[in-house]
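In case you want the letters, here they are:
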Amino acid sequence: AALDITSTTGGLLVPRMTASQRDAITSPTQGLIIFCIDCASGEGELQVRLTSSWKNTIGGDVNETQPPPVVGDFYGGGVVFYIFVDGETGYVLGETHGLIAAVEDQSDGIRWYNGSYDTTGATGTAIGTGSTNTTTIITEQGATATSYAAGLARAYTAGGYTDWFLPSKDELNKMYLKQTDINTTASANSGSDFANVYYWSSTENSNVRAWTQYFDTGFSPPGYQTVSLKVITNYVRAVRAF
């Protein structure tokens, strides 16, 4: 029969149960850990305890880790907005990795370049290329990094992390698609909403232009991406991978 556990305080010892009984527990639907006490001796019992994570374990030590982050979670200094899938840079089988957006803009108007129309070679467009693009731009653009978009993004240190970067063209689009989730979580964590303006990506188009995305969801077509002169001042929202 299913076990209906409605409340615990600090742990509830229940008789030893089968795996089927364990999996049939109906309440609560989350926040429950079941683990074995002294199972190695064959005389153990199962302890049931409410926690912030969900884990069913028969035998062995308890691993009370938090569940993997999902889109919309406040995590790693910002808001999770994308989870890597098979074939993308950063994907690891059996693990959860993805991209995190800063909870605030780093600039409401900064140039892409540092004053010189050079070809930097930061041409990566795909998911997983933003960090490399950012490093390439900074290497080519040189001093006073915070005077241009990529350098400013890399200089961001929210959460104590120093690996923030300017998103690639495709990463920026994923951020646009999840801006509602980001806005909600950012507002709850001293952040701010995206503006209905153009944001820089780290993807270079030519020696004089780079890719941007318009974040006004009411614009037609929605999620409009275009190239802008590097001298134009656009917004910056940094991201990092986890």
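Caption draft 1: Here's a closer look at helix α4 (residues 169–177). Looking only at α4, the buried set comprises Lys-169, Glu-171, Leu-172, Met-175 and Tyr-176. The buried side chains of α4 occupy one side of the element, clustering within an arc of 165 degrees when seen end-on.

Caption draft 2: Structural view of unusual backbone geometry. The residue Ser-190 is not glycine, and still its phi comes out positive at about 60 degrees. Structurally, the position occupied by Ser-190 is in the loop between α5 (179–187) and β9 (198–204). Taking the relative accessible area as the measure of exposure, Ser-190 reaches 71% and is therefore exposed.

Caption draft 3: Structural view of the pattern of salt bridges. Within the structure shown, the criterion is met by three salt bridges. Note that Arg-237 is salt-bridged to Asp-105, the shortest N-O span being 2.8 Å. Of this pair, Arg-237 sits in the loop between β12 (234–236) and β13 (239–241) while Asp-105 is found in the loop between β7 (98–101) and β8 (107–110), placing the two residues 132 residues apart along the sequence. The shortest N-O distance in the salt bridge between Lys-230 and Glu-204 comes to 2.5 Å. Residue Lys-230 is located in the loop between β11 (225–229) and β12, and its partner Glu-204 is located in strand β9; the two are separated by 26 residues in the primary sequence.

Caption draft 4: Geometry of α5. Gln-179, Ile-182, Asn-183, Thr-185 and Ala-186 are the residues of α5 that are buried. On its buried side, α5 packs onto β5 (74–75), β6 (78–83), β7 and α4.

Caption draft 5: Molecular detail of the nonpolar core. Judged by nonpolar contacts, the single largest core of 42 residues is most densely connected at Phe-81, Leu-166 and Met-175. Listed by contribution, the elements that provide at least two residues to this core are β6, β7, α3 (149–155), α4, α5, β9 and β12. In contact with Met-175, other than residues within four places in its own chain, are Phe-81, Ala-101, Pro-167, Ile-182, Phe-194, Phe-215, Arg-237 and Val-239.

Caption draft 6: Main features of the pairing of β7. Bridging between β6 and β7 involves four bridges; their strand directions are antiparallel. From the neighbouring strand, Val-80 faces β7, where its bridge partner is Ile-100.

Caption draft 7: Quick look at the packing of aromatic side chains. Enumeration over the complete set of coordinates arrives at ten aromatic pairs. Geometrically, the ring pair formed by Tyr-75 and Phe-242 is edge-to-face, given 5.3 Å between the ring centres and 70 degrees between the ring planes. On the criterion of sequence distance, the pair formed by Tyr-75 in strand β5 and Phe-242 in the segment after β13 is long-range, its members being 167 residues apart. Residue classification places Tyr-75 among the partly exposed positions, given a relative accessible area of 37%.

Caption draft 8: Broad picture of the environment of Ala-126. Turning to its location among the elements, Ala-126 is positioned in the loop between β8 and α2 (130–141). In the structure, Ala-126 is positioned 77 residues away from Thr-203 in sequence and 9.4 Å away in space, judged by C-alpha atoms. The contact partners of Ala-126, leaving out residues within four places of it in the chain, are Ser-168, Asp-170 and Glu-171.

Caption draft 9: Local environment of a nonpolar patch on the surface. On the surface, Tyr-117, Leu-229, Val-231 and Ile-232 cluster together into a nonpolar patch covering about 290 Å² of accessible area. On the secondary structure map, Tyr-117 appears in the loop between β8 and α2.

Conventions adopted
Residues numbered from 1 in each chain as written. Predicted model: local features only at pLDDT ≥ 70, side-chain atom pairs only at ≥ 80, totals over all residues. Heavy atoms only, no water. Buried < 20%, exposed > 50% of the residue type's maximum accessible area, 1.4 Å probe, protein only. Helix = DSSP H or I, 4+ residues; strand = E, 2+ residues; numbered from the N terminus. Arc of directions from axis to C-beta. Salt bridge = Lys/Arg side-chain N within 4 Å of Asp/Glu carboxyl O. Contact = heavy atoms within 4.5 Å. Core = buried A, V, L, I, M, F, W, Y, C linked by side-chain atoms within 4.5 Å. Pairing = 2+ DSSP bridges. Phe/Tyr/Trp six-rings, centres within 6.5 Å; stacked < 30°, edge-to-face > 60°. Patch = residues over 30% accessible without salt bridge, like charges linked within 9 Å, V, L, I, M, F, W, Y side chains within 5 Å. Areas by Shrake-Rupley, 256 points an atom, 1.4 Å probe, with all protein chains shown as cover.

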